[in-house]
Amino acid sequence: MMPRTLCFTTRVRSRPSKHSFQAHFLDHIEDGPDDPILGLVSTFNECKSDKKVNLIVGAYRDAEGKPWVLPSVREAEERMASAPGANKEYSAIDGDPEFVSKALAFAYGAESEALASGRVAGVQTLSGTGACRIGGEFYARFAGAGTPVYLSDPTWGNHVGIMKAAGLEVRRYRYFDGESKGLDFAGMCEDLEAAPEGSVVLLHACAHNPTGVDPTPEQWAKVADLCARRGLHVFFDSAYQGFASGDADADGSAFRSFVARAGDFPSMCLAQSFAKNFGLYGERVGTFSVVCGDSGQAAKVLSQLKLIIRPMYSSPPIHGA
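Residues numbered from 1 in each chain as written. Predicted model: local features only at pLDDT ≥ 70, side-chain atom pairs only at ≥ 80, totals over all residues. Heavy atoms only, no water.

Caption draft 1: Looking closely at the nonpolar core. The biggest cluster of nonpolar side chains holds 43 residues, and the ones touching the most others in it are Tyr108, Met188, Leu203, Phe236, Phe258 and Met268. Elements supplying a minimum of two residues to this core: helix H4 (97-108), helix H8 (185-193), strand S6 (200-204), helix H9 (217-230), strand S7 (233-238), helix H11 (253-259), strand S8 (268-273) and strand S9 (285-291). Sort the elements by how many residues they give to this core and H4 lands first, with six residues. If we skip the residues at most four places from it in the chain, tyrosine 108 touches Leu115, Val120, Phe255, Arg256, Val259, Leu270, Ser289 and Val291. Ranked by size, the runner-up nonpolar core spans 28 residues in total, among them Leu151, Leu202, Phe235 and Ala298. (Core = buried A, V, L, I, M, F, W, Y, C linked by side-chain atoms within 4.5 Å. Buried < 20%, exposed > 50% of the residue type's maximum accessible area, 1.4 Å probe, protein only. Helix = DSSP H or I, 4+ residues; strand = E, 2+ residues; numbered from the N terminus. Contact = heavy atoms within 4.5 Å.)

Caption draft 2: Representation of the side chain of serine 152. Locating serine 152 in the fold gives a position in strand S2 (residues 148-153). Looking at serine 152, its side chain comes within polar contact range of the main-chain oxygen of proline 154, at 2.7 Å. Each residue touching serine 152, except ones within four places of it in the same chain, is listed here: Arg172, Tyr173, Tyr175, His204 and His208. (Polar contact = N/O pair within 3.5 Å; in protein donor to acceptor, adjacent residues only side chain to side chain.)

Caption draft 3: A look at the packing of helix H6 (residues 127-142) against helix H7 (residues 157-166). Where H6 meets H7, the closest approach of the two axes is 8 Å, and the angle between their N-to-C directions is 35 degrees. By crossing handedness, the relation of H6 to H7 is classed as right-handed. Here Thr129, Cys132, Arg133, Gly136, Glu137 and Ala140 of H6 lie close against H7, whose contacting residues are Asn158, His159, Ile162, Met163, Ala165 and Ala166. The class makeup of the residues in the contact of H6 with H7 is six nonpolar, four polar and two charged. (Axes fitted to C-alpha atoms, helices over the stretch in contact; angles between N-to-C directions. Left-handed = near helix turned anticlockwise from the far one by under 90°. Nonpolar A, V, L, I, M, F, W, Y, C, P; charged D, E, K, R; others polar.)

Caption draft 4: Helix H12 (residues 295-313), seen in detail. Between its first and last C-alpha, H12 extends 26 Å over 19 residues, near the 27 Å set by a 1.5 Å rise per residue. Of all the residues in H12, the buried ones are Ala298, Val301, Leu305, Ile308, Ile309 and Tyr313. In an axial view of H12, the angular spread of the buried residues amounts to 95 degrees, which keeps them on one side of the axis. Exposed residues pointing more than 90 degrees away from the buried face of H12 are listed as Lys300, Leu307 and Pro311. In this structure, the buried residues of H12 make contact with strand S1 (120-126), H6 and S9. Positioned one or two residues after H12, serine 314 has a phi angle of 70 degrees, which is positive. (Expected span 1.5 Å × (residues − 1). Arc of directions from axis to C-beta.)

Quick look at the structure:
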């Protein structure tokens, strides 16, 4: 008897390539909306009119509308380029210590007791955006995710996105009075009075963006009293020191008046940028600092700020600082 021959048929199933998986995944990605500010820059650049004027981003321009670099910045760059021993090594996580020291003296004042006593924890940041984000992360981590942060209405457009991304709950307080074209101080105080204890209040140090309207010294004192009485964390954002009055010390007076009584608040911090007042837009140079009770507390806060920075961008750039 002849042996039976078995015949097996194997069905080979084709497997999608990784590219087809990728295409399937990316098919679900939708267009994101343009940034309301920087998106207009692209539209401006694409415009062919010879009569166009760029009023979108606050930046130094010459008579022809071309970017203009401050002579002092040019000279500083030349000195940096020719400095003996200049190199491209990584900066520390908290940045260039000499830069941080001088930047904080600019904001807090050369005679600041808080700086002299070593009770300010400060780090170099990626301009004001990076400083605000580090501040948001700091409060989300130590005041708690979902902590309310009160922003003026209106405010700089990026404040909302930064604080939401950091995990804080964005709320608003009234600020601009459209009829008087001035400050709605009564509405501001009413909204902050209603803020829960432990909320964060973000204040513009001077030259409020986008209104240009600032409280008077007397009004600032009342805001400080309110924040102290209600137990609110005070978060200053300073992007225009020197622009509001032409005097950097005068423009820093509101912030410094709060620093003088920082112990009255649960905490007080500062986001500082040099994009506008020094024209260092592309260098992304700024600082974030926290006023502490003593130098030991400042050392602990600094260690935590570095833990926030390290997985975010590791260390700041050296150029610009």
